[in-house]
Amino acid sequence: MTELRVGFVGCGLIARHHAANLAADPRAEIVAVTDLDRSRAERFSADVAPSGAAAVLDDAESVIRASDAVYVCTWTSAHPEVVVAAAGAGLAVFCEKPLATSLAESEAMTEAVERAGVTNQVGLILRRSPAFRLLHHELRRPGTGPVMNLVFRDDQYLPTQGMYGSTWRADAARAGGGTLLEHSIHDLDLIEWLLGPIAEVSARLGSVHGIEGIDDQATVTLVAESGAQAALVSVWHDVLSRPSQRRVEVFASNAHLSLEGDWSGPVRFDRSTTFEPDPAATGELAGAELAAEAAAIDGLVDDPDRAFVTAVLDGGRASPSFRVALRAHELADAAYRSTADGGRVVDVRT
Ligand SMILES: NC(=O)c1ccc[n+]([C@@H]2O[C@H](COP(=O)([O-])OP(=O)(O)OC[C@H]3O[C@@H](n4cnc5c(N)ncnc54)[C@H](O)[C@@H]3O)[C@@H](O)[C@H]2O)c1
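Residues numbered from 1 in each chain as written. Predicted model: local features only at pLDDT ≥ 70, side-chain atom pairs only at ≥ 80, totals over all residues. Heavy atoms only, no water.

Student: What exactly am I supposed to notice about the pattern of salt bridges here?
Tutor: Pairing is possible between side chains that carry opposite charge, provided their charged atoms lie close to one another. Throughout the structure, instances matching the rule amount to 28 salt bridges. Of the charged contacts, one joins Glu42 and Arg38 as a salt bridge, the two residues approaching to 3.3 Å between their closest N and O atoms. Of this pair, Glu42 and Arg38 both sit in helix 2 (residues 38-48), four residues apart, which is roughly one turn of that helix. Accessibility expressed as a relative area gives 38% for Arg38, which makes it partly exposed. One salt bridge in this structure joins Arg242 and Asp155, with 2.8 Å as the shortest N-O distance. Taken together, the residues Arg242 in the loop between strand 10 (229-237) and strand 11 (245-252) and Asp155 in strand 7 (residues 147-157) connect sequence positions 87 residues apart. With relative accessibility at 5%, the residue Asp155 sits in the buried group. (Salt bridge = Lys/Arg side-chain N within 4 Å of Asp/Glu carboxyl O. Helix = DSSP H or I, 4+ residues; strand = E, 2+ residues; numbered from the N terminus. Buried < 20%, exposed > 50% of the residue type's maximum accessible area, 1.4 Å probe, protein only.)

Here's what the structure looks like:
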């Protein structure tokens, strides 16, 4: 039986991912959708609700009136207005990342959902990735020793092409920035989650494609309060065989861990205390085995949409929340300020 009426504002690529997850959850029904491009909303409605249950409406206000919870899946610059309206109407809100094109707007949105006391969740979906959850756990395993260095490489082809096919990602007014804000906000969030509170950020960003306001290369150094250091390299290139791909390598004093594949691994670890790799101290997990291990560790549900519906129906907190995303925005903002000032170190202690 349907318990939650869900509305969608923005019916593009990411909306379809969420809709596919919701379709598998009998507790939720998509009842109203809107998009600036009405034909897109109509195709979306026909695909996600063939019974005709998802009304195609004229604007976000109409969707908000028809729903208990709203997914904000517009391009980034349109998120704030919809989020503030939905929170003001008392709806639970799932907003895609980045929250907004600026830190100030991200703060205002976070205050709006918290003031309204509505369940709020952000599309920092890699917090639910079995691979990253296992890596997080392995870094805290006794015998690992203090984390020393983390190398995080994230690359994808310029997402105005291929499956993304979006003109807005080459428009700074709508995207807010390029590879660092639009894409690697995920990575900034993950790095602090993995290493603990970040104290300092410095960065050099560049643009080989020369699209105004859209960085396509970023090198960010982050130093944690623990003393651990991280290097984030984020690139938007034109190698069309490479959609979003991440590789993470972590050196702790007594362990080497690596992750390839955002979601399903493999995650590898080596805690050998001998010059030859010790089979008892090395290992690799991937796929279903990795997912089972991650679930056994933290009991989290992989599916961010199922988790959101549960949080709304239980009247509880959703995760990751706007507050979590706001911190990632603070780190991104520090990186942009650093590069504008020649790579100056920016203090981001809270
Ligand atoms: N969590 C993730 O991993 C992930 C992945 C992809 C995209 N995203 C984020 O999701 C958002 C959307 O990205 P996308 O790839 O789906 O883009 P998209 O271009 O495929 O779809 C965006 C849609 O929003 C519509 N839109 C814009 N402003 C609107 C408004 N005011 N009212 C109604 N509709 C409006 C556009 O017409 C378009 O159809 C972006 O913020 C992006 O950063 C997140």
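Student: Looking at this model, I keep getting lost on the domain arrangement of the protein. Mind explaining?
Tutor: The accessible area lost on association of the parts is a frequent measure of interface size. The assigned domain composition of the protein is domain 1 (4-123 + 305-318) and domain 2 (126-300 + 329-340). For domain 1 versus domain 2, the distance between C-alpha centres works out to 27 Å. Contact residues are listed per partner, giving 14 residues for domain 1 and 15 residues for domain 2. Summed over the shared surface of domain 1 and domain 2, the result is one salt bridge. (Domains from an automatic or database assignment. Contact = heavy atoms within 4.5 Å.)

Student: Looking at this structure, how should I read the sheet that holds strand 8 (residues 198-206)?
Tutor: Sheet strands line up and pair through hydrogen bonds in the backbone, either parallel or antiparallel. Strand order across the open sheet formed by nine strands is 14-13-12-11-7-10-9-8-15, with mixed pairing between neighbours. Each edge of the open sheet is held by one strand with a lone partner, namely strand 14 (282-285) and strand 15 (346-347). Contacts from helix 6 (residues 130-139) reach strand 7, strand 11, strand 12 (255-260), strand 13 (267-270) and strand 14 within the one sheet, and its direction differs from that of strand 12 by about 175°. Where helix 9 (residues 185-195) meets the sheet, it contacts strand 7, strand 8, strand 9 (217-224), strand 10 and strand 11, and its direction lies at approximately 165° from that of strand 7. (Pairing = 2+ DSSP bridges. Axes fitted to C-alpha atoms, helices over the stretch in contact; angles between N-to-C directions.)

Student: I'm lost on the pairing of strand 8 in this one. Help?
Tutor: Every other side chain in a regular strand lies on the same face of the sheet, so the side chains alternate between the two faces. Bridge count for strand 8 against strand 9 is eight bridges, and the pairing is antiparallel. Within strand 9, the residue paired with Leu205 across the bridge is Ala218. When strand 8 meets strand 15, the two strands line up antiparallel, connected through two bridges. Its bridge partner being in strand 15, Val201 is matched across the sheet by Val346.

Student: What is the right way to read helix 2 from this model?
Tutor: Three or four residues apart is the spacing at which side chains of an α-helix point the same way, because the helix has 3.6 residues per turn. Every buried residue of helix 2 is accounted for by Ala41, Phe44 and Ser45. Down the axis, helix 2 shows its buried residues gathered within 100° of arc, on one side only. (Arc of directions from axis to C-beta.)

Student: How should I be thinking about the packing of aromatic side chains in this particular structure?
Tutor: The geometry of an aromatic ring pair is captured by the separation of the ring centres together with the interplanar angle, meaning the angle of the planes. Going through the model one piece at a time under the given rule, you end up with seven aromatic pairs. Aromatic side chains Phe132 and Phe152 sit 6.0 Å apart centroid to centroid with 10° between the ring planes, which places their arrangement in the stacked category. Pair noted here: Phe132 is in helix 6 and Phe152 is in strand 7, with a separation of 20 residues, a long-range link. Here Phe132 matches Phe152 in class, with each residue buried. Both rings, one in Tyr157 and one in Tyr164, keep their centres 6.0 Å apart while their planes meet at 70°; by these two values the pair is edge-to-face. Joined through ring pairs, the aromatic side chains of Phe8, Phe44, Tyr71, Phe94 and Phe308 make up one cluster. The ring centre of Trp75 lies 4.6 Å from the NZ or CZ of Arg174, which sits over that ring. (Phe/Tyr/Trp six-rings, centres within 6.5 Å; stacked < 30°, edge-to-face > 60°. Lys NZ or Arg CZ within 6 Å of the ring centre and 35° of its normal.)

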